[in-house]
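Chains, contacts and geometry: an overview
Here are the chains, one letter per residue:
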Amino acid sequence: MRTPPPRRRTAAAVLSLALLATACLTAEAAGAEPTSRRAAAPAPTAGPATSAEAAPPAPPAEAALPGRPAGGDRLAAEAAGAELTARRAAAAALGGATRPVRPAGGDRLEFGACPAAEGLPRGVRCAVLRVPLDYALPDGQQIRLTVSRVPATGEGGARRQGALVNNPGGPGASGMSFPLAAGLPEWRRVAAAYDFVGYAPRGVGRSAPLSCQDPAALKGPTRIPAVPSPAYKRQRVAAARAYAQGCARHAGDSLRHYTTLNNARDLDVLRAALGEPRLTFMGGSYGTYLGAVYATLYPGRVRRMVFDSAVDPDPARIWYRSQLGQAAAFERRWYDFRSWAARHHTTYRLGTSPAAVQASYERVREALARTPAGGRVGTGELQAAYLRAAYYDDVWPDRAAALSAFLRGDPAELVRQAAPDPAAAAGAENATAVYTAVLCNDAPWPADWATWDRDGTELARRAPFEAWPNTFLNLPCAYWPVAERQRPVQVGTRPAAAALPRTLIVAAERDGATPYRGALELQRRLGGEAALVTEKGSGSHGVVGGRNDCVDRHVERYLLTGDTSPAEDGGARVTCAPHPEPAPVSLDDRAASTCGEPPGALLSPVV
C-alpha cells in the first residue's frame, strides 16, 4: 500500500481496514484469493425509482437447470424452500409485520444500532436476517446473518433507486463495512440514489461463524521451502487431512450447507427482506461468481449487476483448474513488481533487472530460512507479504523498501509489514474456514494426492512463485468430509423468456487473482447485454473505486442510468488506460503502511 506520510483515519481508512482484513490473513499466506476490491465513483442522472418497477416472475426450479447434480428431489426441495423463505421475507417487508410464531425465516428486517463488535459508526444501522441452514427444511434450523445499511442521501434531489447490495468476495470476507463507502467523494452521486447495504455471508464474522481449528495454531514463524521435498509434501498432506477433519469436528452436519448455491439463496432472501423487487448488486472477485450464479438462478430478479475482477465461471474450472490458472497469472504479476523495482534501482538497490531483484528476494528468503526476522517472520510470512505485491501495486513501495532495508541490515521494516498480528488470528481462522468450506463443497476435487503432486510439480516449473503455496492451501478439498459435493451451476443457462438485463463487468488485463480470461468467459455466458470495461496493462485486483477514473465513470453511469454502451463506439467492450504506477518512496521517507492500513481509495473484498 502507499507509503507517503501517515494518513488520518478517514472513513475510507476505517472501511478499508475491515474489508482488507481477509486479504491480510493466513489464507493469503497460503495463496488464497484475497478480499480487496475498489469501489465506484460519480455519475449522471438518476434512473426510475425501484418502486415503479413491476414485480419479477418466480425463478425456475433449480433442479431443471443443466449442470446440476443428481438428487433432483433434494434440489427441488431446496429451491422450493428458498422460494418460500423469500416470499415470506417480501411479505414481511411489504406488510411491516413480523411472524414471531413462525419458526422459519421471513421476518422483517429491524434496523437499529449496530453491535459494538462490528466497529461501525452511529450513522450505520444494523439488522439480523434469519435464513434456513438447510433450504430443503425451511422451517428447520435457522441461522442469523448480519446486515448493515445507510439510506440514500437524496442529495441534489436524486430519486431513490433502491438498495445497492455488496458482496466483497473471499469467500470468507464480510461486507458489513460497505455502507461507510457512502460517505466517500467517489461514491457521492451513487449514494444519493441508493441505500448502501452490506452483509456478512453465512459462516463469516457473526453470521453463523464457521471454524475449523484453534486460532492459536496460526502463529509464526512458519517455513515454506522454495522447492518442497517429499518429506515436506507428506507433512502438508497430513496437515490437509487434519484440517478437513477439524472442519467436520467443529461444524458437524452443517458443514455441507456452506455453498455458493446457498449464498445465492441467502442473497435472494436479503433482496426480498429489503423490499426490493429486483436486486442491484456489486460483487468483487468471488462475489462475481456469486452474482453470476444468482443471475442464472433468478434472472428475472436482477435489476443491475456490477462484476469487478471476474472469476471464470466455466464449470470445468470451478474450482480446481481455477487455482491452477491463478499460479501462472500471479507469476506475471510477480514479474511486474520485480520490473518496477528494477526500474527504481537507484531508490531500492535491489538490482537493475527483474532477475536481479529476484536474486535479492532469494537472499532475504535464505536468511529467513536460517533465522526468522524478529523471531516472527519466516519464509511463510515472507511469502504472504509478497503475495500482496502480486495482488496490488499499492504495496510495491512498501515491499521494495522492506527488502532493501533487510539487505542493509535492518529487519524492522520487514517485521512490521509481514509479522502476523495475534489480534487478527480469530478473523484469519474464520476467513480461511469459510473459503475452504465453500470451495470444497462447490465442486468435485481430485481425491488422490498423485494428481495434485503431478500438477503442482509441472506448474512450479513455469510459475514457481505461488504454485505450491496455492496447492497446499486448497489441498484439504482432496480429503473433504462431505460425501456429496455440488456440481457447478452452468452460469448463463436460463429460460429464454427470462432474459437477463444489462450487466457490467470490469477487469484488469494482468490481474493475478482472477485472470482476465474469466472476464471474457463471464461476458460470453451472460450474453449480449453484458458489457466489459477493461483496464489495459494493469493488474491490481479490484478495479472499481478510485484507481481509474475512466473505469469509475462507466460504473457510475451504469448504476445510475442502466447504460452500458461506451460513449466511444457503442459496443459491448471498452478499454481504459492503466492507472499510474506507484512512485518509489525513499527509505528515509518511508512510513510504510502495514497490512491493516489501506491504500488511499476504498477497497472492497474479493477472492
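Residues numbered from 1 in each chain as written. Predicted model: local features only at pLDDT ≥ 70, side-chain atom pairs only at ≥ 80, totals over all residues. Heavy atoms only, no water.

Quick look at the overall build of the protein
Threshold: Counting from the N terminus, the helices are the DSSP runs of H or I reaching at least four residues and the strands are the DSSP runs of E reaching at least two. Under the scheme applied here, a residue whose accessible area is under 20% of the maximum for its type counts as buried, over 50% as exposed, and between as partly exposed, the area being computed with a 1.4 Å probe on protein chains only. In what follows, a contact means two residues having at least one pair of non-hydrogen atoms within 4.5 Å. Using a 1.4 Å probe, the Shrake-Rupley method yields the accessible areas, and only the shown protein chains count as cover for residues.
Across its full length, the protein holds 18 helices and twelve strands. Across the 607 residues that make up the protein, the buried fraction comes to 61%. If you take every contact in the protein between residues at least 6 apart in sequence, the share linking residues at least 24 apart comes to 80%. Of the roughly 21500 Å² of accessible surface on the protein, 54% is carried by carbon and sulfur atoms.

Details of the nonpolar core
Condition: Among buried residues, the Ala, Val, Leu, Ile, Met, Phe, Trp, Tyr and Cys ones that are joined through side-chain atoms within 4.5 Å form a nonpolar core.
Grouped together as the largest cluster of nonpolar side chains are 129 residues, with contacts concentrated most on Leu129, Leu164, Val165, Trp187, Phe196 and Ile505. Top contributing element to this core by residue count: helix H7 (residues 286–297), with eight residues. When residues no more than four places from it in sequence are discounted, the contact partners of Leu129 are Leu109, Ile143, Arg144, Leu145, Val147, Asp266, Val269, Leu270 and Ala273. One finds Ala341, Val357, Tyr392 and Ala402 within the second-largest nonpolar core, a separate group that totals 37 residues.

Re the pairing of strand S3 (residues 125–132)
Successive residues of a regular strand alternate their side chains across the two faces of the sheet. Basically, it comes down to this: Strands qualify as paired when DSSP identifies two bridges or more between them.
Of all eight residues that make up S3, six are buried, and the element is covered over most of its length. Bridge count between strand S2 (residues 112–113) and S3: two bridges; the pairing is antiparallel. Of the residues in S3, the one forming a bridge with Gly112 is Cys126.

Some words on the packing of helix H8 (residues 320–343) against helix H11 (residues 379–391)
The cut-off we apply is this: Every axis in this analysis is a line fitted to C-alpha atoms, fitted for helices over the stretch in contact. Angles between the N-to-C directions lie between 0 and 180 degrees. The labels follow the angle: roughly parallel below 35 degrees, roughly antiparallel above 145, roughly perpendicular from 65 to 115, and oblique for the rest. For this classification, the nonpolar set comprises Ala, Val, Leu, Ile, Met, Phe, Trp, Tyr, Cys and Pro, the charged set comprises Asp, Glu, Lys and Arg, and every other residue, Gly included, is treated as polar.
The interhelical angle for the contact between H8 and H11, taken along N-to-C directions, is 90°, at an axis separation of 8 Å. For the element pair H8 / H11, the angle class is roughly perpendicular. Seen from H8, the contacting residues are Gln326, Phe330, Arg333, Trp334 and Phe337; seen from H11, they are Tyr386, Leu387, Ala389, Ala390 and Tyr391. Here the contact of H8 with H11 is built from residues that sort into eight nonpolar, one polar and one charged.

What to know about the sheet that holds strand S5 (residues 162–167)
With mixed pairing, ten strands are arranged side by side in an open sheet as S2-S3-S4-S6-S5-S7-S8-S9-S10-S11. Two strands lie at the open edges of the sheet, namely S2 and strand S11 (573–576), each paired on one side alone. In this structure, S5 lies alongside strand S6 (residues 194–199), joined through four bridges in parallel fashion. What sits directly across from Leu164, in S6, is Phe196. Packed onto the sheet, helix H6 (residues 260–273) meets S3, strand S4 (142–150), S5, S6 and strand S7 (279–284) and runs at close to 125° relative to S3. Those strands touched by H7 are S5, S6, S7 and strand S8 (302–308), and its axis lies near 155° from that of S8.

Points about the packing of aromatic side chains
Defined as follows: What counts as a ring pair is set by centres within 6.5 Å for rings of Phe, Tyr and Trp (its six-membered ring), and what kind of pair is set by the plane angle: stacked under 30 degrees, edge-to-face over 60, tilted for all other angles. Any Lys NZ or Arg CZ that is within 6 Å of a ring centre and within 35 degrees of that ring's normal is treated as a charge sitting over the ring.
Scanning the model with the defined rule gives 23 aromatic pairs in all. Taking the centre distance of 5.8 Å and the plane angle of 75° together, the rings of Tyr232 and Phe472 count as edge-to-face. Taken as a pair, Tyr232 in helix H5 (residues 230–251) and Phe472 in helix H16 (residues 467–474) lie far apart in primary sequence, 240 residues in all. Accessibility classification places Tyr232 together with Phe472 in one group, the buried group. A centroid spacing of 5.1 Å and a plane angle of 70° characterise the contact between Tyr320 and Trp452, whose relative ring orientation is edge-to-face. Residue Tyr320 is found in helix H8, and its partner Trp452 is found in helix H15 (residues 449–462); the two are separated by 132 residues along the sequence. Trp452 matches Tyr320 in its accessibility class, with the two residues each being buried. Grouping aromatic residues by their ring pairs yields a cluster made of Trp334, Phe337, Trp340, Tyr348, Tyr361, Tyr386, Trp396 and Phe465. A cation over an aromatic ring shows up here: Arg149 above the ring of Phe111, its NZ or CZ 3.9 Å from the ring centre.

Quick look at the state of the cysteines
Counted only if it meets this: Criterion for a disulfide: a pair of cysteine sulfur atoms within 2.5 Å.
For the structure on display, the rule yields four disulfides. Disulfide pairing is shown between Cys212 and Cys247; the S-S distance is 2.0 Å. The disulfide joining Cys212 to Cys247 has a torsion of about 110° about its S-S bond and is therefore right-handed. Of this pair, Cys212 sits in the loop between S6 and H5 while Cys247 sits in helix H5, and the two are 35 residues apart along the sequence. Here Cys440 connects covalently by a disulfide to Cys477, the sulfurs 1.9 Å from one another. The disulfide joining Cys440 to Cys477 has a torsion of about -85° about its S-S bond and is therefore left-handed. Pair noted here: Cys440 is in helix H14 (residues 425–442) and Cys477 is in the loop between H16 and strand S9 (503–508), with a separation of 37 residues, a long-range link. Like Cys477, Cys440 is buried.

A closer look at H5
Threshold: Multiply 1.5 Å by the residue count of a helix minus one, and that product is the helix's expected span.
An ideal rise of 1.5 Å per residue puts 32 Å on 22 residues; H5 measures up with 32 Å between its terminal C-alpha atoms. Every buried residue belonging to H5 is among Tyr232, Lys233, Val237, Ala240, Tyr243, Ala244, Gly246, Cys247 and Ala251, and all of these are buried. Taken together, the buried residues of H5 touch H14, H15 and H16. Downstream of H5 by one or two residues, Gly252 has phi in the positive range, about 65°.

Structural notes on the pairing of S4
With seven of nine residues buried, S4 lies mostly within the body of the structure. Examined bridge by bridge, S3 and S4 share eight bridges and lie antiparallel to one another. For Val128, the partnering residue across the bridge sits in S4 and is Thr146. In the sheet, S4 pairs with S6 via four bridges, with the strands oriented antiparallel. What sits directly across from Val147, in S6, is Tyr199.

Focus on H11
Taking 1.5 Å of rise per residue, the 13 residues of H11 would be expected to cover 18 Å, and the 19 Å separating its terminal C-alpha atoms lies within 8% of that figure. Within H11, 13 of the 13 residues are buried, leaving the element largely enclosed by the surrounding structure.

So, the side chain of Thr451
Positionally, Thr451 belongs in helix H15. In this structure Thr451 touches Tyr320 and Pro446, once residues within four positions along its chain are discounted.

A closer look at the environment of Arg189
Here Arg189 is to be found in helix H4 (residues 188–193). Arg189 gets classed as partly exposed once you look at its relative accessible area, which sits at 42%.

Considerations on the packing of H8 against H16
As a reminder, the rule being used: By the definition used in this description, the sense in which the near helix is turned from the far one sets the handedness, with an anticlockwise turn below a right angle giving left-handed and a clockwise turn giving right-handed.
At a closest axis distance of 9 Å, the pairing of H8 and H16 adopts a crossing angle of 155°. Taken as axis vectors, H8 and H16 run roughly antiparallel relative to one another. In this structure, the crossing between H8 and H16 has a hand that is right-handed. Contact with H8, carried on its side by Gln323, Gln326 and Ala327, involves Ala467, Asn470, Thr471 and Asn474 of H16 and no other residues of that element.

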